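Chain by chain, the residues:
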Amino acid sequence: IGRLRRKLGATLFERSVAKVIHWPPDARHESRDEYRSSCSAKFRTAAASAALLAAFATTTLSTVLVERAEDRRLTDEAVTFAGELDRGGSDVESVRAVFREESDEMTHTGMSFAVYDAQGKLLAGDHRTPHPNASTCVSATHNLLRACSTKTARGLSAVVGTPRTPLFSILAIAAILSA
């Protein structure tokens, strides 16, 4: 700006700047400096609002993508669990043995497993793990548990659940702090 001012001369520079910021101001502003300060405050407010809007859009998109990935992970595990159930015996003790084996293998992941029969009766597993009506994913216990299920060849429902972290609120707080 200094180079431009020297090149154009003070008066021409002042006129060109005045055109950009719509000088002369209306009666609310007493001086050019006050007007510039007012414009600067408006630009800062607009920039902060745009940053906050972008942060919340990113938060929403991130939450959706992470939840979809979590559903894929749970669905994949439910399909694996259903395959294990199909390879096991057809009586209740065989189902419980497969459940115990799979549950012991996956203890380190924090996943909970359950097996429901065609009528929705719990055959094995954690009773807090919800029984989705179809091969789908649902949230339960005030949205703190996410469970996905799939049907076996014998009509049993293999359900896999995991505790859920309220991801949106954590990301929203991070977005506010970063904006």
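Note that this is a predicted model, so its numbers are computed, not measured.

S.K.: Honestly, the state of the cysteines in this entry has me stumped. Any pointers?
M.R.: One way to say it: the disulfide is the covalent bond shared by the sulfur atoms of two cysteines. Applying the stated criterion across every chain yields a total of one disulfide. Here Cys137 pairs with Cys148 through a disulfide, and the sulfurs are 1.9 Å apart. Of note, the bridge from Cys137 to Cys148 carries an S-S torsion of about 110° and is right-handed in sense. Here the residue Cys137 occupies a position in strand β3 (residues 137-140), and Cys148 occupies one in strand β4 (residues 145-151), the gap between them amounting to eleven residues.

S.K.: I would appreciate a short explanation of the nonpolar core in the present structure.
M.R.: Ranked by size, the top nonpolar core spans 19 residues in total, and within it Phe81, Leu85, Met111, Phe113, Val115 and Val160 carry the most contacts. Of all the elements in the fold, those that place two or more residues in this core are α3 (32-87), α4 (92-105), β1 (112-116), β2 (122-125) and β5 (157-163). Contacts of Val160, omitting those with residues within four sequence positions, involve Leu74, Glu77, Ala78, Phe81, Met111, Ser112, Phe113, Arg146, Ala147 and Cys148.

S.K.: Honestly, α4 in this entry has me stumped. Any pointers?
M.R.: Given 3.6 residues per helical turn, the α-helix brings residues three or four places apart onto the same face. Here α4 contains 14 residues, and its C-alpha end-to-end distance of 20 Å stays within 8% of the 20 Å for a straight helix at 1.5 Å per residue. Where α4 is concerned, the buried positions are Val95, Val98, Phe99 and Glu102. The arc that holds every buried residue of α4, seen down its axis, measures 105°, which confines them to one face.

S.K.: Is there a simple way to explain the packing of aromatic side chains in this structure?
M.R.: Centre distance and the angle of the planes are the two values used to describe a pair of aromatic rings. Scanning the model with the defined rule gives one aromatic pair in all. Taking 5.1 Å as the distance between ring centres and 70° as the angle between the ring planes, the aromatic pair formed by Phe81 and Phe113 counts as edge-to-face. Highlighted residues: Phe81 in helix α3 and Phe113 in strand β1, separated in sequence by 32 residues. One exposure class covers both Phe81 and Phe113, and it is buried.

S.K.: In this structure, what is going on with the side chain of Thr129? I would like to understand it.
M.R.: Along the polypeptide, Thr129 turns up in the loop between β2 and β3. Given a relative accessible area of 0%, Thr129 falls into the buried group. Apart from residues lying up to four places away in sequence, Thr129 is in contact with Ser112, Ala114, Tyr116, Leu145, Ala147, Val159 and Gly161.

S.K.: Explain the side chain of Arg146 here, please?
M.R.: Residue position: Arg146 is located in strand β4. Under the relative-accessibility criterion, Arg146 is labelled buried at 15%. A distance of 2.9 Å separates polar atoms of two side chains, one belonging to Arg146 and the other to Ser139. Filtering out sequence-adjacent residues up to four positions away, Arg146 remains in contact with Asp71, Leu74, Cys137, Val138, Ser139, Val160, Gly161, Thr162 and Arg164.

S.K.: I would appreciate a short explanation of the layout of surface pockets in the present structure.
M.R.: To find the voids left in a structure, one rolls a probe of water-molecule size over its atoms. In this structure, the largest pocket spans a volume of roughly 170 Å³. In this structure, the largest pocket is lined by Val66, Glu67, Glu70, Asp71, Arg73, Arg146, Thr162, Pro163, Arg164, Thr165 and Leu167. Elements that contribute at least two residues to the lining of the largest pocket include exactly α3 and β5. By residue number, the principal contributor to the lining of the largest pocket is α3, which donates five residues. Class assignment of the residues belonging to the lining of the largest pocket gives a composition of three nonpolar, two polar and six charged.

Each value, and the rule that gives it
Residues numbered from 1 in each chain as written. Predicted model: local features only at pLDDT ≥ 70, side-chain atom pairs only at ≥ 80, totals over all residues. Heavy atoms only, no water. Disulfide = S-S within 2.5 Å. Helix = DSSP H or I, 4+ residues; strand = E, 2+ residues; numbered from the N terminus. Core = buried A, V, L, I, M, F, W, Y, C linked by side-chain atoms within 4.5 Å. Buried < 20%, exposed > 50% of the residue type's maximum accessible area, 1.4 Å probe, protein only. Contact = heavy atoms within 4.5 Å. Expected span 1.5 Å × (residues − 1). Arc of directions from axis to C-beta. Phe/Tyr/Trp six-rings, centres within 6.5 Å; stacked < 30°, edge-to-face > 60°. Polar contact = N/O pair within 3.5 Å; in protein donor to acceptor, adjacent residues only side chain to side chain. 1 Å grid on protein atoms, 1.4 Å probe; cavity = no way out; pocket = protein on both sides within 12 Å on 5 of 7 lines; lining within 4 Å. Points joined across faces, edges and corners; volume = space filled by probe spheres on them. Nonpolar A, V, L, I, M, F, W, Y, C, P; charged D, E, K, R; others polar.

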